[in-house]
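Chain by chain, the residues run as shown.
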Amino acid sequence: MLYLFLLLLIIFCVYKYDILEVHKNKYFFYNLILLSFILLAGLSYRLGIDNMVYLDEFQYYDIDKGLSIENIFSYRGRQPLWVLLSLYCKSIFHDYHFFRLIHSILVNGLVLLAFRKLTNKIFSIVLFYYVLSYFEFNFQVMRQSIAVAIFLNTVPYFRNNQWWKYYFLNILGALFHEAAIITFLVPIMKILGMSKKMLIVYIGIIISGI
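The structure contained in this document is the topic of the report that follows. These numbers were taken from a predicted model, which means no experiment stands behind them.

Reading guide: rules and limits
- Residues numbered from 1 in each chain as written.
- Predicted model: local features only at pLDDT ≥ 70, side-chain atom pairs only at ≥ 80, totals over all residues.
- Heavy atoms only, no water.
- Helix = DSSP H or I, 4+ residues; strand = E, 2+ residues; numbered from the N terminus.
- Buried < 20%, exposed > 50% of the residue type's maximum accessible area, 1.4 Å probe, protein only.
- Contact = heavy atoms within 4.5 Å.
- Core = buried A, V, L, I, M, F, W, Y, C linked by side-chain atoms within 4.5 Å.
- Salt bridge = Lys/Arg side-chain N within 4 Å of Asp/Glu carboxyl O.

### Let's talk about the side chain of N170
Stage number 1. If you trace the backbone, N170 turns up in helix α11 (residues 163–174).
Stage number 2. With relative accessibility at 0%, the residue N170 sits in the buried group.
Stage number 3. Excluding its chain neighbours within four sequence positions, the residues that come into contact with N170 are I150, F151, T154, A180, T183 and F184.

Here it is, written out as C-alpha cells:
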C-alpha cells in the first residue's frame, strides 16, 4: 500500500508541477518524495537478493583493524570506497540497517540532486526512476547504484567540457564499483567523434575492458 501511495503522489506531482507548471510547494513535495525514498529503502527489512548478500557480508568487516589502507584493501572483490563506507558505518553503529540507511541517503540524495540539474520536468524523471530503477538501485545493485548516482551528477560537467571535474567524480564512482570505468571512455567518444574507424576502436577498447 505504501508503494502505491508513493506512486500516486508522484503522478499527482507530474500533473500539477510538470504539466500544469504550478510552482507553489513544488520543492516541498520534491523533498517529501526524496525523504520517502530514503526511508522506504533505508528502513526496509530483508528485501532483495543482493541486499541479503551484503547483510551477511557486513559481519565480516573488521573494525578492530580500523580504517587503515591495509584493512580497506584486504576484502577481495570489493572496491575500497565501498569497504571504507561499510567500515565507517560499522564503527559508528554496529548494525547493518544503519549502513542501509546511509546507503539510501547517499544514493537517493545524489540521484534526485542530479535530476534537479538535468531537467525542469523533475517529477516526470522521478516517476521513471521510481518505476524502472528505484527498487533495483536500492535493493539489488547497491554498489553500482552509488557509481551511477555519482555519474548522473557529472553530466553537466560533460556538457560543458569540464573534464577534470568529470573524471575526478567518476574515479570516485569507480572506487565504489569497477563498472564505472566505462564512464572514462565517454568523453573520448565526444572529443574524437563517432566515425566508422573510431567505432571499431571503441568496440575494441570495450571488449578489452571486459
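### Some words on the nonpolar core
Stage number 1. Within the largest apolar cluster, 46 residues are counted, with the highest numbers of intra-cluster contacts made by F37, L112, F123 and Y129.
Stage number 2. With eight residues, the single largest contributor to this core is helix α2 (residues 26–42).
Stage number 3. Once residues lying within four places of it in the same chain are set aside, the contact partners of F37 are L6, I10, S104, N108, L112, V126, Y129, Y130 and Y134.

### Concerning the pattern of salt bridges
Pairing is possible between side chains that carry opposite charge, provided their charged atoms lie close to one another.
Stage number 1. For the structure on display, the rule yields three salt bridges.
Stage number 2. Note that K121 and E21 form a salt bridge whose closest N and O atoms lie 3.3 Å from each other. Taken together, the residues span a long stretch of sequence, with K121 in the loop between α6 (96–118) and α7 (122–132) and E21 in the loop between α1 (2–19) and α2 at a distance of 100 residues.
Stage number 3. The partly exposed category is assigned to K121, whose relative accessible area is 35%.
Stage number 4. Residue E57 is joined to R78 by a salt bridge in which the shortest nitrogen-to-oxygen separation is 2.9 Å.

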